[in-house]
Structure formats: C-alpha cells, structure tokens
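What the coordinates show
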Amino acid sequence: MLEKLEEFDMDKVIQEFESLTKDAEMVQRETLKRILEDNASAEYLQSLGLNGRTDPESFKACVPLVTHKELEPYIYRIIDGDASPILTGKPITTMSLSSGTTQGKPKYVPWNDELFETTMQIYQTSFAFRNREFPIKSGKALSFVYGSKQSKTKGGLAARTATSNVFCSAGYKCGMRALQSLCCSPDEVIFGPDFFQSLYCHLLCGLIFREEVQFVSSTFAHSIVHAFRTFEQVWEELCNDIREGVLTSNVTVPSIRMAMSKLLKPNPELANLIHRKCTGLSNWYGLIPELFPNAKYIYGIMTGSMEPYLKKLRHYAGELPLLTADYGSSEGWIAANVNPKLPPELATYAVLPHIGYFEFIPLTELENAKGEPDFLCVDPQSVGLTEVKVGEEYEIVMTNPAGLYRYRLGDVVKVMGFHNSTPELKFIRRSSLLLNINIDKNTETDLQLAVEAASKLLAEEKSELVDFSSHVDLSKEPGHYVIFWEISGEASEEVLHECCNRLDKSFVDAGYTSSRKVNCIGALELRVVRRGTFQKILDHYVGLGTAVNQYKTPRCVGSSNTRVLQILSDNVVNNYLSTAFN
Ligand code: AMP
C-alpha cells in the first residue's frame, strides 16, 4: 500500500477508474462477493441463511434493510469487548464516532483497515481528476483539520471520529505526501486538545508557509469559513507573533507551543507584508489569494448543508475556484468528484463501484410513508447501482467492508447522469423530515431555500446571514415554526419583519400553506440571536467530543436537545411574527 501510494501515477489512477466504471455491475457483484466471503464467519451474516451465497439476489432476499438502530445490539457487544466475529470476520478493534450533529447524538460505527484503503482510493481518484484540471506544484496544503480526542470504550476499543481514524492510520501521511497534500501544520496542532488554539496555529502556519501553500482545505466548507471569520478577529495578533517570533500567550498548550517555536522566527518583513495586505482589502474580499499567492483552489465538501456557506467562501476566495471534495460518511465513502470544474452548486459525485456495494431506494417508494413523520418506517424495495434512472431521487443504502450490510445511510441523492456505467449523484438532503407539525412536510432543502430567499433582503441593508437553525414550537396551540438567525451588520425592524414574512411564504409545501391558511399552524416566528451564538453551539458540540472537521450546524433543534435550545433562547435579541397569512 505504502509503496503504491509513493509512486502515485495520475494517468494510471484515471485509467483504473475508467476501466472499473465500464462494467460497474460486474464490479459491484465482485465487490459484494468479496465482502461476503471475507466476513462469512460473522455471526450476523450466518444467522441470515445466506449459506455461502454471494449473489446480489440472494443477498437482497436474506439480508434485511437496516438503520443504525437495528445494528446497535451488535455494535454495543463489540464496544463492550466481545471479540467474537459479530459483524465482521476479523474482530473490530476501532470505532468511529459520527458527528451526530444531523441526528442529535453521536453514533458508533465500526472502523477497520479496509475503510482506510477505500478512503485512499477515493482521495487518489478525485486528486487525479482534480490535478488534471488544476495542477498544483509540490508544496503544502493549508488544511483546517482537527483530530478528535481518542477515548476507550468499556471493552477497550479505541473510539474517535472517522476523520481522526483516517489521520491516525499508518499510511495516511505517506498517502497525503504522494498527493502533494501534506498539511503545513505540525501534528501537535492537528491533534491539539483545544480547538481555538489549533485553529489559531493553523492560520499562523499558513502565513509562515504562505508562498508554499498550494490550496486551502478542510473536510467541510464550514470550517474554512469559520477559520477566516476567526482570521478577521485575530489577524493583528498573528502579525505580532510573526514580527516578534514569539507565539501569543493565548496559546497555552505546551506541546503546541513547543512545536510552533520550531517554526516561528522573528520576521518583521513578513508581518508588515501581511499587515499591508489586510489593511488594503475591502471588507476582506479576496482575502485567501491575497494571503496565499500560490494557492490554486479552495477544497472541501461544499454541497448539501454546506451550500449556505458558499457565498461567504466566495467572498474570501475572490477569483480562486471552489472545488467540492468527495461524498462519504463515517460509515464509509461512496463517490468522488471527478468533474472538478463544475461549481459546487452543479457538482456531482461518481460512485466508486469497488469500495462498497450500493443500493438505491426510489423516493417514490418512500412516498408510501406519507403522513409518517419519519421516512425510515417503511420497508421499501431497492434497485442496484446500475439500475438507477437519470433524474430520479433515491435514498442510499450501503454495504461496506466493515460490518454494515444493507445499511440505510439516511441521505437522499439524485442521479444526474452516468460516468461510463456508474451513476453521478447530486447530494440532495438528509432523508428525515426537518419541520413537521400537521400535514406539512419540510426537509432540510426546503428550509435552506426559504432562508436563501428571505436572506436576500438583508443584502440591501448591507448585513448578512452568518448561520441559521430552526425549531418546531409546540408549547402553544397551534404549533409554529421558529427560525433562528444570526446576522452580522445592522438590519432595520421593517426589513427583518419582511424577512420573516418571506420565510413564511417561501415554504411552498401544500401541507404547510393549507395549514397556515386555516391556522392549524401558527405564524412563523423569526428569532434573531446575538453575534457569536452559533460559535457557542459549535463549542458545545466540540465539548461533547465532536470533531470540528465533521461539524454540521444542526438545522433543526428538537425539544429534547435542551442545551442547544437553551443556548439559542438565551441569546435571542429580537423576534418577529409573520403576518404573511393574515
Ligand atoms: P458524519 O455523520 O459526520 O459521518 O457525516 C456524514 C454525512 O455528511 C453524510 O451522510 C451526508 O449527509 C453528509 N455529507 C458527506 N459528504 C457530503 C457531500 N459531498 N455533500 C453533501 N453532504 C455530504
């Protein structure tokens, strides 16, 4: 593996991908066979009566579709130290913790070396396509990456976020070096115990190596925006550190101080240059290329729940292209961005047919769940990877080499086309409903569209939306939607009231509008929260062990999430009730 990565050959990787996707159906059959053979001794598979059969038809007939909930009894036995073959042939010794910010609480999912291999396959594939269009020179990456704390489960297994499992894998550094993507910060910064201190030092390392930085990245776009918003606050302190060659006393972690002292030398010339550049910018437009003159692009996941950050990211990026990264989850990777020239709004992800076995549940199947608050309650029929139809939406089901079989990931994707015979997917949304009171059904996308439409009104006021969330308030009859907004700059009462009405009107779902008309759903409420509120929510999740890398702002806060609801409620500065249906 290591040797293979050392001699990364772009053309070969592209050729391999082209050949694997020529007959994706056959590759899928082989992949399923390999997964089932490798794990034939697993108790879970043995109990399902496959009796050595590895074909997709038998697999679908014997193995049920599951969600994480159904696998929990097995996963908990592994966590508690039962080393017998439960879900996999070889015992699982490491767990990944998913961010839990979309579902409410972090979930344990099995991790093994095969998942690391698939991660590198995804990275290599997308790098090959990316580098063909946007070649980088050997240099460094300014990567806002943060290792999470490693804990031990009751049974002694290591548990950390999936991204940290990747960073800690033996072949990671070597692999990243081969992809010219080594992070410019030392490990002490990446694995530091304090998020803010690590972020500060990532910025500092970026500035020290500014000429060498070839691209700026993070797992999700949110972390990049967050990093440069922080830069706006700390840039003078950063300049001071560079001028004096001494790290600010605000960074207190000894290992980070020690590592940074090796990099930091007094450099008044560089400090003055950065100072000049920062003061010369208009409202920080084009900050990234100004700081990193040789950066070729910005790289990170920019689709789905990251789209609301694109506007700010473009502002910082100026003319630099935004390239969305790949599609995957703590449970495993799915697809790579092989069309890097497409802007994030049009991006698709091509499924790698050899990294897992994939099925797709047509969304029309899930329509049977009408009226159900949760789409996951029905038992639908799935189709195979090459049977999907262009233009249709599906919920994705994965079988991976780490003990997940026919696992409903909870994501909805749309098939936009095919790369050879493998589908190119657009990420649409999480499949669960976000807002639902009566017969209304509003998803994350519906909320995102409503917020996008309403927040346009802020631009006229020279203020902007920093972040948003929502909540269904059932404390009074009738229940109503509450939308929380953090905004920067000043917006007048009239405009905010207008934003509130626009939000209400932008939920076009017939169940919502008809319920609003007859007051079965009350007037939508916009609550504006103090600056820094969403930072407090992030801090709260980081305190719970979520790695910032995988953080996604919770777009709907349920009543049981009392702490986050409390943070939001404590910081409300103004609220507005819609009069759109009066
Ligand atoms: P986690 O639960 O922290 O492992 O995050 C995985 C989830 O992040 C996926 O199930 C998706 O909902 C989301 N995600 C991952 N990659 C992408 C992508 N490229 N575009 C949009 N959403 C993504």
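An unreviewed UniProt entry lists the protein under the name Indole-3-acetic acid-amido synthetase GH3.5, with Cajanus cajan as the source organism. The record in UniProt for the protein states the following under Sequence similarities (unreviewed entry): "Belongs to the IAA-amido conjugating enzyme family."

**Notes on the site of the ligand**
Neighbouring the ligand are 17 residues; Thr303, Asp326, Gly328, Ser330 and Asp411 lie closest to it. The separation between an oxygen atom of the ligand and a polar side-chain atom of arginine 430 is 3.2 Å. At a separation of 3.0 Å, an oxygen atom of the ligand approaches a polar side-chain atom of lysine 552. Considering the ligand on its own, with 500 Å² of exposed area, one finds that the protein chains cover 95% of that surface. Broken down by secondary-structure element, the contributors of at least two residues to the shell around the ligand are strand 9 (327-329) and strand 16 (422-430). Here the residues of the shell around the ligand are counted per class, giving five nonpolar, eight polar and four charged. Taken domain by domain, the makeup of the shell around the ligand includes at least three residues from each of domain 1 (22-113 + 330-430) and domain 2 (135-320).

**Describing the sheet that holds strand 15 (residues 407-419)**
Within a sheet, adjacent strands bond to each other through the backbone by hydrogen bonds, running parallel or antiparallel. As summarised here, the arrangement of the eight strands in space is 9-10-11-16-15-14-12-13, forming an open sheet in which the pairing is antiparallel. A strand with exactly one partner marks an edge of an open sheet, and here the two such strands are strand 9 and strand 13 (383-384). The pairing of strand 12 (residues 357-362) with strand 13 spans two bridges and is antiparallel. Bridge pairing in strand 13 links phenylalanine 360 to valine 383.

**Quick notes on helix 16 (residues 310-317)**
Taken across its eight residues, helix 16 has six buried, putting it largely inside the fold. Of all the positions in helix 16, only Leu310, Lys312, Leu313, His315, Tyr316 and Ala317 are classed as buried. Residues of helix 16 that are buried sit in contact with helix 12 (221-244), helix 15 (287-291), strand 7 (297-301), strand 8 (322-324) and strand 17 (464-473). Residue glycine 318 follows helix 16 closely and has a positive phi angle near 55°.

**Brief notes about the nonpolar core**
Within the largest apolar cluster, 149 residues are counted, with the highest numbers of intra-cluster contacts made by Val216, Phe228, Phe231, Phe292, Ile298, Tyr327 and Ile334. Counting residues per element, this core draws most heavily on helix 12, which supplies eleven residues. Those residues in contact with phenylalanine 231 that lie beyond four places of it in its chain are Leu203, Leu207, Leu238, Cys278, Trp284, Leu287 and Leu291.

**With respect to the packing of helix 21 (residues 533-543) against helix 22 (residues 562-570)**
Two packed helices can be described by the angle between their axes and the distance between those axes. Direction vectors running N to C along helix 21 and helix 22 enclose 160°, while the axes themselves pass 9 Å from each other. In terms of orientation, helix 21 lies roughly antiparallel with respect to helix 22. The crossing of helix 21 and helix 22 is right-handed. Together, Thr533, Phe534, Lys536, Ile537, His540 and Tyr541 of helix 21 and Arg563, Val564, Ile567 and Leu568 of helix 22 make up the contact between the two elements. Residue composition of the contact of helix 21 with helix 22, by class: six nonpolar, two polar and two charged.

**Some thoughts on unusual backbone geometry**
Residue glutamate 477 is joined to proline 478 through a cis peptide bond whose omega torsion reads -15°. In this structure, asparagine 420 takes a positive phi of about 50° despite not being glycine. As for its position among the elements, asparagine 420 is in the loop between strand 15 and strand 16.

**Some points on empty space enclosed by the protein**
Scanning the model with the defined rule gives two cavities of 30 Å³ or more in all. Of the voids in this model, the largest cavity is the one considered here, and its volume is about 40 Å³. What lines the largest cavity is simply Leu115, Thr118, Gly332, Trp333, Ile355, Gly356, Phe358, Met398, Thr399, Asn400 and Pro401. Counting only elements with at least two residues in the lining of the largest cavity, the list comes to helix 7 (113-133), strand 10 (332-336) and strand 14 (393-399). When grouped by side-chain class, the residues that make up the lining of the largest cavity number six nonpolar, five polar and no charged.

**Focus: the UniProt feature "domain: GH3 C-terminal" (unreviewed entry) in the protein**
This chain's UniProt record puts "domain: GH3 C-terminal" (unreviewed entry) on residues 446-560. Secondary structure content for residues 446-560 is 41% helix and 21% strand, while the C-alpha to C-alpha distance between its ends is 23 Å.

**Digging into the side chain of histidine 315**
Within the fold, histidine 315 resides in helix 16. Here the side chain of histidine 315 touches tyrosine 285 through a polar contact of 3.5 Å, landing on its backbone nitrogen. When neighbours within four sequence positions are excluded, histidine 315 is seen to be in contact with Asn283, Trp284, Tyr285 and Gly286.

**Some remarks on the pattern of salt bridges**
Counted under the stated rule, the structure contains 24 salt bridges. For the salt bridge of arginine 430 with aspartate 411, the shortest nitrogen-to-oxygen distance reads 2.7 Å. On the criterion of sequence distance, the pair formed by arginine 430 in strand 16 and aspartate 411 in strand 15 is long-range, its members being 19 residues apart. In terms of burial, arginine 430 and aspartate 411 fall into one category: buried. Bridged by salt links that share partners, the residues Glu25, Arg29 and Glu57 form one connected network.

**Describing the domain arrangement of the protein**
Structurally, the protein comprises domain 1 (22-113 + 330-430), domain 2 (135-320) and domain 3 (444-577). Centre-to-centre, using C-alpha coordinates, domain 2 lies 30 Å away from domain 3. Facing the 24 residues of domain 2 at the interface are 20 residues of domain 3. When domain 2 packs against domain 3, the two sides together hide about 1,700 Å² of surface, and 49% of this comes from carbon and sulfur. Along the contact surface separating domain 2 from domain 3 lie two salt bridges. Seen at the junction of domain 2 and domain 3, the total is twelve residue pairs in polar contact (both at pLDDT 80 or more). Listing elements by their share of the side of domain 2 that touches domain 3, those giving two or more residues are helix 8 (162-168), strand 6 (213-220) and helix 12. The leading source of residues in the side of domain 2 that touches domain 3 is helix 12, at four residues.

**Some points on the environment of leucine 449**
For leucine 449, the location among the structural elements is in helix 18 (residues 444-459). Each C-alpha atom, one on leucine 449 and one on asparagine 574, is 23 Å from the other, the two residues being 125 residues apart in sequence.

Analysis parameters
In every chain, residue numbers begin from 1 and rise along the written sequence. Totals for whole chains, interfaces and linings use all residues, but because this is a predicted model, local features are given only for residues with pLDDT of at least 70 and pairs of side-chain atoms are given and counted only at 80 or more. Derived side-chain values reflect all non-hydrogen atoms in the structure, with water molecules and hydrogen atoms excluded from consideration. UniProt positions are given in the numbering used here, feature names are shortened, and annotations may be inferred rather than shown by experiment. One heavy atom suffices: a residue is near a molecule or strand as soon as one of its heavy atoms comes within 4 Å of it. Here a polar contact means two N or O atoms within 3.5 Å. Within protein one must be a hydrogen donor candidate and the other an acceptor candidate, and residues neighboring in sequence count only if both atoms are side-chain atoms. Each accessible area value is a Shrake-Rupley result obtained with a 1.4 Å probe; residue values ignore everything except the protein chains displayed when judging cover. Secondary structure follows DSSP: runs of H or I at least 4 residues long count as helices, runs of E at least 2 residues long count as strands, and numbering of each begins at the N terminus. The classification used treats Ala, Val, Leu, Ile, Met, Phe, Trp, Tyr, Cys and Pro as nonpolar, Asp, Glu, Lys and Arg as charged, and all other residues, Gly among them, as polar. Source of the domain bounds: an automatic or database domain assignment. At least two bridges found by DSSP between two strands are what make those strands a pair. Exposure categories follow from relative accessible area, calculated using a 1.4 Å probe and restricted to protein chains: below 20% of the type maximum is buried, above 50% is exposed, and the middle band is partly exposed. The criterion used for residue contact is that any of the two residues' heavy atoms lie within 4.5 Å. We define a nonpolar core as any set of buried Ala, Val, Leu, Ile, Met, Phe, Trp, Tyr and Cys residues linked to one another through side-chain atoms lying within 4.5 Å. Here an axis means a line fitted to C-alpha atoms, over the contact stretch when the element is a helix, while the angle between two N-to-C directions is reported on a 0 to 180 degree scale. Oblique is the label for any angle not under 35 degrees, not over 145, and not in the 65 to 115 range, which are roughly parallel, roughly antiparallel and roughly perpendicular in turn. Crossings are assigned a handedness: left-handed for a near helix turned anticlockwise from the far helix by less than a right angle, right-handed for a clockwise turn. Grid points spaced at 1 Å over the protein atoms alone were grouped into cavities, where a 1.4 Å probe fits but cannot get out, and pockets, open sets with protein on both sides within 12 Å along at least five of seven lines, with lining residues defined by an atom within 4 Å of a point. Grid points are joined across faces, edges and corners, and a volume is the space filled by probe spheres set on the points. One speaks of a salt bridge when a side-chain nitrogen belonging to Lys or Arg is within 4 Å of a carboxyl oxygen belonging to Asp or Glu. The term buried area refers to how much accessible surface (probe radius 1.4 Å) is lost by two components on association, counted for both of them together.

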